[in-house]
Amino acid sequence: MTVQSGRRERKKAATRQKIADTAMRLFLERGYDAVGIRDVAAEADVAVTTLFSHFASKEALVFERDDDFERRLTGAVTDRAPHEPLIPALRREILVLVRHCRADGAAPVWRMVVESPALREYEESMRLRHAESLAAALAADPGLPLTPTACRAIARFVVDTYSLAREEADPDAAADEIFRMIEAAWEVARSSPRA
């Protein structure tokens, strides 16, 4: 049964990737607004219902690694070694995300996002969702004496580092600068009693 289950999961993942790759190619060739869901489904040779079983919206096709990014951020809290400091773990994950978004070939994608109000709005809601997930992970960690407000503030600051740093000529230096501020906020938050 495990072999069958593993094969099914690989097939699902391959279909999802094929849809995402096809969508991105079409969006970059024709423009985001000029391509519809039916166009993507037809080009990927899948039914529209199959496309929607993998992606909740047209915008989600552009941000197909969204769930992975969210897992990485929360994993920086939940999966770190027992005595590993939190802030360096978060900085490391943010830099991984920034480097992904600045990789070769990413510039046309980000131009497309900047030019599309729907994609900018989707990205903003995605960042807020990531911040809420990160805040929940911080709040659930018994070793982190933070109030719920502090958890949310630190999480938003961390997630915003990603969008600020990726726009800079030297994203590592920008992340270092921002994380010095996060570290200071972290020290203040840790010294405040948990509500």
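Structure's up top.
Notes on the structure follow. (Residues numbered from 1 in each chain as written. Predicted model: local features only at pLDDT ≥ 70, side-chain atom pairs only at ≥ 80, totals over all residues. Heavy atoms only, no water.)

Let's talk about the overall build of the protein chain
When its secondary structure is counted, the protein chain shows 10 helices and 0 strands. Scanning the protein chain from its N terminus toward the C terminus, one meets helices and strands in the order α-α-α-α-α-α-α-α-α-α. With respect to the three principal axes, the spread of C-alpha positions in the protein chain is 55 × 45 × 25 Å. Each of the 195 residues in the protein chain was classed as buried or not, and the buried ones make up 43%. (Helix = DSSP H or I, 4+ residues; strand = E, 2+ residues; numbered from the N terminus. Buried < 20%, exposed > 50% of the residue type's maximum accessible area, 1.4 Å probe, protein only.)

A closer look at helix α10 (residues 171–191)
Relative to the 30 Å expected for 21 residues at 1.5 Å per residue, α10 spans 30 Å between its end C-alpha atoms, a close match to the ideal helical length. Three or more residues of α10 are buried, namely P171, A174, A175, I178, F179, I182, W186 and A189. An end-on view of α10 places all buried positions within 115° of arc, on one side of the element. Summarising the geometry of α10, the exposed residues directed more than 90 degrees from the buried face are R180, V188 and S191. Where α10 is buried, its residues meet α6 (86–101) and α9 (148–166). (Expected span 1.5 Å × (residues − 1). Arc of directions from axis to C-beta. Contact = heavy atoms within 4.5 Å.)

A word on the nonpolar core
In terms of nonpolar packing, the biggest core is built from 61 residues, with F27, V40, V62, L90 and L138 touching the most fellow members. Looking at this core element by element, the count peaks at 9 residues for α6. Contact partners of L90, with chain neighbours within four places excluded, come to L73, A76, V77, L134, V158 and F179. (Core = buried A, V, L, I, M, F, W, Y, C linked by side-chain atoms within 4.5 Å.)

Thoughts on the side chain of T22
Relative to the elements of secondary structure, T22 occurs in helix α1 (residues 2–30). In this structure T22 comes out as buried when scored by relative accessible area, which is 8%. For T22, the contacting residues outside a window of four places in its chain are V40, E43 and A44.

Details of the pattern of salt bridges
Under the definition given, this model contains 16 salt bridges. Two residues, R129 and E70, come together in a salt bridge whose shortest N-O distance is 2.6 Å. Taken as a pair, R129 in helix α8 (residues 117–140) and E70 in helix α5 (residues 66–78) lie far apart in primary sequence, 59 residues in all. Residue R129 is classed as partly exposed on the basis of its relative accessible area, which comes to 32%. Residue R166 pairs with E123 through a salt bridge whose shortest N-O separation is 2.7 Å. Linking R166 in helix α9 with E123 in helix α8, this pair joins segments that are 43 residues apart in sequence. (Salt bridge = Lys/Arg side-chain N within 4 Å of Asp/Glu carboxyl O.)

A short note on the packing of α6 against α9
Between α6 and α9, the shortest axis-to-axis distance is 9 Å and the interhelical angle comes to 35°. Crossing of α6 over α9 shows right-handed handedness. Across the interface between the two elements, L90, I94, L97, V98 and C101 of α6 pack against V158, T161, Y162, A165 and R166 of α9. Looking at side-chain class alone, the contact of α6 with α9 contains 8 nonpolar, 1 polar and 1 charged residues. (Axes fitted to C-alpha atoms, helices over the stretch in contact; angles between N-to-C directions. Left-handed = near helix turned anticlockwise from the far one by under 90°. Nonpolar A, V, L, I, M, F, W, Y, C, P; charged D, E, K, R; others polar.)

Digging into the side chain of E123
Judged by relative accessible area, which is 5%, E123 ranks as buried. Polar side-chain contacts of E123 include one of 2.7 Å to the side chain of R166. Not counting residues up to four positions away in its chain, the partners in contact with E123 are F63, W110, V113, Y162 and R166. (Polar contact = N/O pair within 3.5 Å; in protein donor to acceptor, adjacent residues only side chain to side chain.)

Focus: α5
Helix length check: α5 (13 residues) gives 18 Å between terminal C-alpha atoms against 18 Å at 1.5 Å per residue, within 8%. If you check which residues of α5 are buried, you get D66, F69, E70, L73, T74, G75, A76 and V77. Against the buried residues of α5 lie α6, α8 and α9.

So, the environment of R25
Tracing the backbone shows R25 in helix α1. Sequence-wise, R25 and R129 are 104 residues apart; in three dimensions their C-alpha atoms are separated by 27 Å. There is a polar contact of 2.9 Å between the side chain of R25 and the side chain of E43.

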